[in-house]
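Each chain is listed here by its residues.
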Amino acid sequence: MLPRQPVQSIPDRPRKPQAWRIVPFLWVVAIHAHAQENVALGAVYTLAPAPGYAHCTDSGDMAQLTDGAYVSGYFWTQPGTVGWQNAKPVVITIDLGQVKPIRGVALNTAAGTAGVAWPVSIGIYVADEPGAFHRAGDLVTLGAAAGLPAAEGYAVYRYATEALQCHGRYVALAIVNQPFVFTDEVEVFAGDPAWLAQPLPGGAVANVREGVAQLTGEAYIRRRLTRDLEAIRSAMAVAEIESAAKETLSAQAGALAQEVATSTPEYSPEMRAILPLNPLHERVLALQAALWRAQGQSPVTLWQSGLWDALPFLGAPPKEAAPALDVHCMQGEYRAASFNISNATEGPLDVSVQVEGLPGGPNPGYVRVHEVVWTDTNAGVPVAAALPEAPRGNGSYRIPVAAGITRQVWLTLCPPDVTAGTYEGSIHVMAPGLEARLPLRLHVYPIKFPPKPRLHFGGWDYTDVMSQYEVTPENRAALIALLREYFVDTPWATAASMPWGKYDAAGNMTEEPDTTLFDAWMDAWVDADQYRVFVAVSPGTLPFEPGSDAFEQAVRDWCVFWARQIRVANANNSRRFGLLLLDEPSKLEDQMLVTAWARAVRRSASDLRVWEDPVFRSATEADRSMLESCDILCPNRQIFLAADMEYRKLFVADRAKDTALEFYSCSGPVRTLDPYSYHRLQAWDCWRYGATAEYFWAFGDSGGAYSWNEYAAQRSAYTPLFIDKTAVTPGKHLEACREGIEDYETLAMLDDALEAARESQGDPAWIAAAEEFLKTMPTRVCDEGYLPSMQWSDPLDRTLADQVRIQALELLAQRAK
């Protein structure tokens, strides 16, 4: 499976803009007539990479940016707009024809909705000759003097500056943004001819794309500090505190703002974008702690937010809070709980945490304590998702909490041998000036969670090769071990692990394929329940016409060979292998190609199964022959849920009896997606519609950089883990996957118990209650938890799944008596 356009990250057409949203655009149009001479008008330019956003890419893209025409209407659906997705940076290089003095530049763009954000950086580079570009500034920073667009809400905005004093024949704009970049016009303003004699600033770089990485990282850091300081100043402005305190805080904020604007942050691609980012950021956040103290906040506040809700990075904690942790689970089942620590003191705190009063003594081994680490994202949204285990020493866990932030403590409990019952424990929290015990109640039900849940789970890990996406030889073993812990039982391999061999003109195999990669992959996943291989066929994969006798013979020999190799590898039988022939078929010609291959695989009698993930968006686009030729159909869950009933019927009511249903999701960037709605509830939709497996793109794909530093990512990140070169760390999104799989198993166990009760003519009242529960409650969880945007920041009740699964546990416990 190749990197592809995330389904949910395509900007949708917006609602009709409110009138006030149009005003800034009209104002921009009005000032054009009074601007300096635009020496880029009609100039030729190059674009790297080539634009490719489907709704505005056309043959005019190589003229539209300097034609002097501004688009009207919804920006990224207009033919006059040029657009990119998952390109970082986008470099527009304008050839002015000769060396000219340059006063300024401008770039017109739009953002604020549908996942389209404002640029983080627009580096300005000038060159008198090719291959010798000098950085003249950052258009986002230089344009800030005139104000910047609001962070949210659709708007068109023209970044512009006339503060340059340089020259060049070539002007390059390096635009850094994720996942989208859109523009319809670029301008260059003429300067004073006397400037032609001045030297160009700084050292020269031959390639703007390669030279922009350092400046991009600095821009991301500056953006984080600027946004946080602006938010704190806004809170100060409306805070009901003494005027003297407000004046003092305002003065401190002003000094910090000057320092943020003028300092050059230290950045390295190897850094971790963990918040706070640097000492200056610590001082910015300490200003928030000072504001909290002025508002009468306690030095340290212990409180709770919704377990699956997005934790706010800024904002005061509640003054009155009584956190209490309540965990319901089977024996051997993983379940989580959390609480928050807000630090309003003048400096960082080391908080000690001890788990007491539960079976097994202090800090029992079945309780893992994680410090939830804040990381910044390409989108500029801080996320509390990383779950490294808290360091432990002297009988307690250590949780560092910087001044002015809230740090979450996450507990994962899995009591395998604890006797059923309710246990009253506590969490002993200690810090300078603080000692508290939070109630921790553990309900263990008289039910054993099975060693292997029945909902299969995978995510294009591609661990058959030593390096793929951000999987390396150094972290591959750790990745496999962690995935196993989170119920991954369906690993994925690339086409390299099942090569084709060689064939004669009649399609007979004359040279067997190399099995080296395949054998090593099977050794790494010897006990997996299922296997998936992305075969990646095309019309030219075999030198035979699909459907011809030679083609049929070649496919048969290939399938028989690999079925035999599967038996040699002790994988029981080849029906555990699903072949993804062609990724995400939607066009009719692609579906026809899949049909030809799938029929040949079936006629080989090898028991290899055909697995396909079609992404057509309506029933009328489906080639039913393809659907009938596949053994496993795995529609994209977001497309499936957004589609009409006729579309869903293709995969549910109209699906052949011997064809299995599975679901996958591939939206991104993942960090800002809702782990409850997007990750956990996919398992509930599997139960609702009879799917037997689920997948998420993709365990190893963190956007071309290690997960801890999204600033260095070249595209959207998808992995629910935090990956670095040598290690992997789970995140809340992966934790949500595991809990969803356990939810599915709970429902399946209740369904089994119901069937057994019917056969044994058990308690009619219990049977009626279980029937009503299974008929109504899973559907309710799915319907009320559906979030079309899948964004973590959107309001949603994320407690219903736990309420319902506890009801299921109660029913199972009643049946077990």
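K.L.:
Whenever I open this one, helix α7 (residues 476-485) confuses me. Can you help?
P.N.:
Each α-helix winds once per 3.6 residues, and so residues spaced three or four apart point in a common direction. R476, L479, I480, L482 and L483 are the residues of α7 that are buried. Viewed along the axis of α7, the buried residues span an arc of 165 degrees, placing them on a single side of the element. Of the surrounding secondary structure, the elements contacted by the buried residues of α7 are α8 (516-524), β33 (721-723), β34 (728-730) and α15 (732-759).

K.L.:
Mind showing me how you'd approach the side chain of T472 here?
P.N.:
For T472, the position within the fold is in the loop between β22 (456-458) and α7. Given the relative accessible area of 9%, T472 is considered buried. Separated by 2.8 Å, the side chain of T472 and the backbone oxygen of K725 make a polar contact.

K.L.:
Help me out: how do you make sense of the sheet that holds strand β31 (residues 663-665) in this one?
P.N.:
Paired through backbone hydrogen bonds, the strands of a sheet run either parallel or antiparallel to each other. If you trace the 3 strands from one edge of the open sheet to the other, you get β22-β32-β31, paired in parallel fashion. The open sheet is flanked by β22 and β31, the only strands paired with a single partner. Across this sheet, the average inter-strand angle for adjacent strands is 15 degrees, counted without regard to direction. Here 3 bridges tie β22 to strand β32 (residues 693-696), and the two strands are oriented parallel to one another. The residue bridging F457 from the neighbouring strand is E694, located in β32. Where helix α14 (residues 675-689) meets the sheet, it contacts β31 and β32, and its direction lies at approximately 150 degrees from that of β32.

K.L.:
What is the right way to look at the nonpolar core in this model?
P.N.:
Burial of nonpolar side chains together is a common tendency in soluble globular proteins. Ranked by internal contacts, the top residues of the largest apolar core, which has 206 residues, are F339, L411 and W460. Considering each element in turn, this core owes the most residues, 11 residues, to α15.

K.L.:
Any chance you could explain the pattern of salt bridges here in plain terms?
P.N.:
Close approach of charged atoms allows side chains with opposite charge to pair. Counted under the stated rule, the structure contains 40 salt bridges. Among the salt bridges present, the one from R407 reaches E371, with a minimum N-O distance of 3.1 Å. In this pair, R407 sits in strand β19 (residues 406-413) while E371 sits in strand β14 (residues 367-371), placing the two residues 36 residues apart along the sequence. The pair formed by R407 and E371 is uniform in burial state, with each residue classed as buried. The closest approach of N and O atoms between D674 and R798, which form a salt bridge, is 3.1 Å. Here D674, found in the loop between β31 and α14, pairs with R798, found in the loop between α16 (764-785) and α17 (800-816); they are 124 residues apart in sequence, far enough to count as distant. Exposure remark for R798: the relative accessible area of 6% places this residue in the buried category.

K.L.:
For this particular structure, what's the right way to read the sheet that holds strand β26 (residues 531-534)?
P.N.:
The strand order β23-β26-β27-β28-β29-β30 describes an open sheet built from 6 strands, whose pairing is parallel. Looking along the sheet, the strands with just one partner apiece sit at the ends: β23 (492-493) and β30 (660-661).

K.L.:
Looking at this structure, I do not really get the confidence of the model for the protein. What am I missing?
P.N.:
In regions of low pLDDT, the predicted coordinates are not meant to be interpreted in detail. In this model, the protein carries a mean pLDDT of 92, and residues with pLDDT of at least 70 account for 95%. Across residues 1-34, where pLDDT falls below 50, the model places 71 contacts with residues more than four positions away in sequence or in other chains.

K.L.:
I would appreciate a short explanation of the packing of aromatic side chains in the present structure.
P.N.:
Aromatic ring pairs are reported here in terms of the distance separating the ring centres and the angle at which the planes meet. The full count for this structure, using the stated rule, is 47 aromatic pairs. Both rings, one in W492 and one in Y695, keep their centres 6.0 Å apart while their planes meet at 80 degrees; by these two values the pair is edge-to-face. Here the residue W492 occupies a position in strand β23, and Y695 occupies one in strand β32, the gap between them amounting to 203 residues. Each member of the pair, W492 as well as Y695, carries the same accessibility label: buried. The side chain of R815 reaches across the aromatic face of W766, ending 5.8 Å from its centre.

K.L.:
Please clarify how the side chain of N340 should be interpreted in this entry.
P.N.:
One can find N340 in strand β12 (residues 335-343). By relative accessible area, which is 0% here, N340 ends up buried. A polar side-chain atom of N340 sits 3.1 Å from a polar atom in the side chain of Q408. Not counting residues up to four positions away in its chain, the partners in contact with N340 are T301, L302, W303, Q304, S305, L311, T406, R407 and Q408.

What counts and how
- Residues numbered from 1 in each chain as written.
- Predicted model: local features only at pLDDT ≥ 70, side-chain atom pairs only at ≥ 80, totals over all residues.
- Heavy atoms only, no water.
- Buried < 20%, exposed > 50% of the residue type's maximum accessible area, 1.4 Å probe, protein only.
- Helix = DSSP H or I, 4+ residues; strand = E, 2+ residues; numbered from the N terminus.
- Arc of directions from axis to C-beta.
- Contact = heavy atoms within 4.5 Å.
- Polar contact = N/O pair within 3.5 Å; in protein donor to acceptor, adjacent residues only side chain to side chain.
- Pairing = 2+ DSSP bridges.
- Axes fitted to C-alpha atoms, helices over the stretch in contact; angles between N-to-C directions.
- Core = buried A, V, L, I, M, F, W, Y, C linked by side-chain atoms within 4.5 Å.
- Salt bridge = Lys/Arg side-chain N within 4 Å of Asp/Glu carboxyl O.
- pLDDT = per-residue confidence, 0-100.
- Phe/Tyr/Trp six-rings, centres within 6.5 Å; stacked < 30°, edge-to-face > 60°.
- Lys NZ or Arg CZ within 6 Å of the ring centre and 35° of its normal.

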